[in-house]
Amino acid sequence: MRIAGAVRAAVAVAACGVLLTSCGSSDDGAKDGTKDAAKKDDAGAGQAKGAKAPATEDLKRIPDVGDRLQDKIPANAQQVVAVYGQGEDSAKSTVVLYTKSDGTWDKTRSWPAHNGKKGWTTDHRENDKRSPVGVFTLTDAGGVLADPGAKFPYTQSASMQAPHYWPKTHWHDFDYVIAIDYNRAKGTPPNDPNRPQGQAKGGSIWLHMDHGSGTSGCVSLSKPGMEYLLKNLDPKRHPVVVMGDKANLKG
């Protein structure tokens, strides 16, 4: 069932200011993004096409994730979006989708991606430009564009449009969005301003479309990648994201 209508639209409009300073690139990020995009860094190469991962067999756990985070993956989760950051201070990462069947995990898709421009943190704070390390549920989606066939509740709203004083490379960042349930109320639009843990802990951490460089804390990947996740992540399969730099993931 779609959650839409006047109430969600009104909330989305009210929250627009929050999303523009928290999730996507700030104006500083936009300037950095233009420079980085021009370099066509390694992580962006071939990003338009998601890679179908080689077949895997009998994965009893998510690879390269240590017990600390592995134990936080809910027992009923049958879909895991793993974000493998290159390093604690790196903005480059790889997104891998794992699906569970008959008690084992299968690596089904992977995409080059970006995370916070300053890397990762286990103690995320507002405007620290780092992505939070952890395991978080995925429950809500939305964007500027119409619903592409998402299984999540999807809120379409023009209020999510990135401001046009940002470089054009950033204008479509929020065409598609999946909210990461870090310091947010589940069952609300991605840009709902409510932050249960308080403003200082930051928020509006999303999966969204990539512009070729680091974000203000979100994880970004190609449009085809976002479309694939929206069409395939299923609330009935209790999807979660496991995210962090390689060292913190294994710790």
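Residues numbered from 1 in each chain as written. Predicted model: local features only at pLDDT ≥ 70, side-chain atom pairs only at ≥ 80, totals over all residues. Heavy atoms only, no water.

### Points about the confidence of the model for the protein chain
And then number 1: With 77% of its residues at a pLDDT of 70 or more, the protein chain shows a mean pLDDT of 84.
And then number 2: Across residues 1-21, confidence stays below pLDDT 50; counting only partners more than four residues off in sequence or on other chains, it has 44 contacts. (pLDDT = per-residue confidence, 0-100. Contact = heavy atoms within 4.5 Å.)

### Focus: helix α5 (residues 223-232)
And then number 1: Regarding α5, the residues found buried are Gly225, Met226, Leu229 and Leu230. Buried residues of α5, seen end-on, are gathered within an arc of 130 degrees and therefore sit on one face of the element. (Buried < 20%, exposed > 50% of the residue type's maximum accessible area, 1.4 Å probe, protein only. Helix = DSSP H or I, 4+ residues; strand = E, 2+ residues; numbered from the N terminus. Arc of directions from axis to C-beta.)

### Examining the side chain of Ser220
And then number 1: With respect to the helices and strands, Ser220 occurs in strand β11 (residues 219-221).
And then number 2: According to the relative accessible area criterion, Ser220 is buried, its value standing at 0%.
And then number 3: There is a polar contact of 2.6 Å between the side chain of Ser220 and the side chain of Asp210. (Polar contact = N/O pair within 3.5 Å; in protein donor to acceptor, adjacent residues only side chain to side chain.)

### Remarks on the nonpolar core
And then number 1: Of all hydrophobic cores here, the largest spans 44 residues; its most connected members are Ile62, Val80, Ile178, Ile180 and Leu229.
And then number 2: Of all the elements, strand β2 (residues 79-85) adds the most residues to this core, at 5 residues.
And then number 3: Not counting chain neighbours up to four residues away, the residues in contact with Leu229 comprise Val81, Leu97, Trp111, Ile178, Leu207 and Leu221.
And then number 4: In terms of nonpolar packing, the next biggest core, distinct from the first, is built from 9 residues, Val144, Trp166, Phe174 and Cys218 among them. (Core = buried A, V, L, I, M, F, W, Y, C linked by side-chain atoms within 4.5 Å.)

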